[in-house]
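An overview of the molecular structure
Spelled out, the chains give:
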Amino acid sequence: MNRRPSRVLASALTAGVLVSASACSGVQGVEPTNERPTASPAAPSSPAASATFSLTVTQARDALLGPAELGERWSATQGGATWRDGLLKGRTDVPDCQRLLDGLYAEDLLGKPKGPGAVVGLDESDTEAQLRYQVAAYGAPAEVDAKMAWLRTLPEKCAEFTSTDVRGVRQTVRVRPAALPGVGDAREGLRMTVSAEGDLYGETPTLTLDFAAVRVGDRAVSLTNGGLGGAEEDFTAQAVQLGTQHLHDVLTDRPPAPRPTDRPSDRPSSGAEQG
């Protein structure tokens, strides 16, 4: 399969633009999102909602996905995708749609975590998709549910809109709901496509990006999955299913299910120990 065009497009889209350092770069292993665990030594025996953060940094790391769990096409990320600045950093006159673009670019559609968390980035070889997976504590469950309720309105409010990228090129953005496995206490999924107007090297660059979030008590798992070569919904669903189960396991002190063996450099525990 020839994947050269998507690489050329990614490079051309970001000509003269600084690549975002906040994307998946630096998370080849695991990146903690809070250095100070706030959980008490006696964690709840079930993943029900709690008045305090029932998640430690270690638990968040243990709940992350390893590359081998999604199949041989996945590996630890080699850095943030250049299409982030070329296609996600856009401006529009529609407030809710601008909030969507800003949240995807800043990777905080659920808001900033209020407790411990961890992040891992993975790359897929066939379509050159990138998956960024985060586990974190966010505060009261009602706060997360409010964000998910807002996300649920976007396929109607932002079904199709126009944005302008950093080069002044107009883009057509489409948003639709995405089905997720019935896991966790609450969940929401979106699929977004961003198509730049006009041809570039004989092609019209289109970014396809899935976003998914699942709440488990006062914690949540969230991910983005996609790229210029597309986003396979099966991988998004698989990551949600496996990741939510991992979180349930660490919160209930259940032995984790056997996982495929990752290469030593790709193991989440390696990055966690270094972090």
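Refer to the structure presented above.
Structure report, in brief. (Residues numbered from 1 in each chain as written. Predicted model: local features only at pLDDT ≥ 70, side-chain atom pairs only at ≥ 80, totals over all residues. Heavy atoms only, no water.)

**Thoughts on the side chain of Q134**
To keep it simple, the criterion reads: Only DSSP runs of H or I covering at least 4 residues are called helices, and only runs of E covering at least 2 are called strands; the numbering of each starts at the N terminus. A 1.4 Å probe rolled over the protein chains alone gives each residue an accessible area, and that area as a share of the maximum for its type sets the label: buried under 20%, exposed over 50%, partly exposed in between. Nitrogen and oxygen atoms within 3.5 Å of one another constitute a polar contact, given that in protein one can donate a hydrogen and the other can accept it, and given that sequence-neighbouring residues count only through two side-chain atoms.
Mapped onto the elements, Q134 comes out in strand β4 (residues 130-137). The buried category is assigned to Q134, whose relative accessible area is 6%. At a separation of 3.1 Å, a polar atom in the side chain of Q134 contacts the side chain of Y138.

**Quick word on the pattern of salt bridges**
Our working rule: We define a salt bridge as a side-chain nitrogen of Lys or Arg found within 4 Å of a carboxyl oxygen belonging to Asp or Glu.
Considering all chains together, one arrives at 17 salt bridges under this definition. Two residues, K112 and D108, come together in a salt bridge whose shortest N-O distance is 3.5 Å. The salt bridge involving D145 is made with R215; its shortest N-O contact spans 2.7 Å. Here R215 lies in strand β8 (residues 206-216) and D145 lies in helix α5 (residues 141-157), a separation of 70 residues in the sequence. In this structure R215 comes out as buried when scored by relative accessible area, which is 9%. Here the salt bridges do not stand alone but share partners, grouping R73, E124, D126 and E232 into one network.

**Some details on the state of the cysteines**
Selection criterion: Sulfur atoms of two cysteines make up a disulfide when they are within 2.5 Å.
Scanning the entire structure with this criterion turns up one disulfide. In this model, C97 is linked to C158 through a disulfide, with the two sulfur atoms separated by 2.2 Å. An S-S torsion of about -110° defines the bridge between C97 and C158 as left-handed. Linking C97 in helix α4 (residues 95-106) with C158 in the loop between α5 and β5 (160-164), this pair joins segments that are 61 residues apart in sequence. Look at C97 and you get buried, because its relative accessible area is 0%.

**What about the nonpolar core?**
Cut-off, in case you're wondering: Throughout, nonpolar core names a set of buried Ala, Val, Leu, Ile, Met, Phe, Trp, Tyr and Cys residues whose side chains join them through atoms within 4.5 Å. Pairs of residues are marked as contacts when any of their non-hydrogen atoms sit within 4.5 Å.
Judged by nonpolar contacts, the single largest core of 33 residues is most densely connected at L100, V175 and M192. Contributions of two or more residues to this core are made by α3 (83-88), α4, α5, β6 (170-177), β7 (186-196) and β8. Residues contacting V175, with those up to four places away along its chain left out, are L100, L154, P155, C158, A159, F161, L190, R191 and M192. A212, V216, V240 and V250 belong to the second largest nonpolar core, which has 27 residues in total.

**Considerations on the pairing of β5**
Applied cut-off: By definition, two strands form a pair when at least two bridges between them are found by DSSP.
Burial along β5 is one-sided: F161 and S163 are buried, and none of E160, T162 and T164, which face the opposite way, are. As paired elements, β5 and β6 share five bridges and run antiparallel to each other. The residue bridging T164 from the neighbouring strand is R170, located in β6.

**Some remarks on α5**
Going by this rule: For a helix, the expected span equals 1.5 Å multiplied by the residue count minus one.
With 17 residues, α5 extends 24 Å between its outermost C-alpha atoms, agreeing within 8% with the 24 Å of an ideal straight helix rising 1.5 Å per residue. Residues of α5 that are buried make contact with α4, β6, β7 and β8.

**Overview of the packing of aromatic side chains**
For clarity, the cut-off: Centre distance within 6.5 Å is the pairing criterion for rings of Phe, Tyr and Trp, where only the six-membered ring of Trp is used; planes under 30 degrees apart are then read as stacked, over 60 as edge-to-face, and the remainder as tilted. Should the NZ of a Lys or the CZ of an Arg lie within 6 Å of a ring centre and within 35 degrees of the ring normal, that charge is described as sitting over the ring.
In this structure the tally under the stated criterion is one aromatic pair. When the centroid spacing of 5.3 Å and the interplanar angle of 85° are considered together, the rings of W74 and F235 count as edge-to-face. Linking W74 in strand β2 (residues 74-76) with F235 in helix α6 (residues 233-251), this pair joins segments that are 161 residues apart in sequence. Per residue, the accessibility class of W74 equals that of F235, and both read buried. Cation over ring: R99 sits above W150, and NZ or CZ is 3.7 Å from the ring centre.

**A short note on unusual backbone geometry**
Note on backbone geometry: most residues besides glycine have negative phi, and most peptide bonds are trans. Although it is not a glycine, E107 sits at a positive phi angle of roughly 60°. With respect to the helices and strands, E107 occurs in the loop between α4 and β3 (117-124). With phi around 60°, E128 is a residue other than glycine that occupies positive phi space. Inspection of the secondary structure assignment puts E128 in the loop between β3 and β4.

**What about the side chain of R219?**
You can see R219 is positioned in strand β9 (residues 219-227). In this structure the side chain of R219 is engaged in a polar contact, spanning 3.2 Å, whose partner is the side chain of D218.

**Focus: the environment of E232**
Tracing the chain through its elements places E232 in the loop between β9 and α6. Apart from residues no more than four positions distant in its own chain, E232 is found in contact with R73, T127, R191, D210 and N225.

**Looking at α4**
Compared with an ideal rise of 1.5 Å per residue, which puts twelve residues at 16 Å, α4 spans 16 Å between its outermost C-alpha atoms and is within 8% of the ideal. Inspection of α4 places C97, Q98, L100, L101, G103, L104 and Y105 among the buried residues, and these make up the whole buried set. Looking at the residues trailing α4, positive phi occurs at E107, about 60°.

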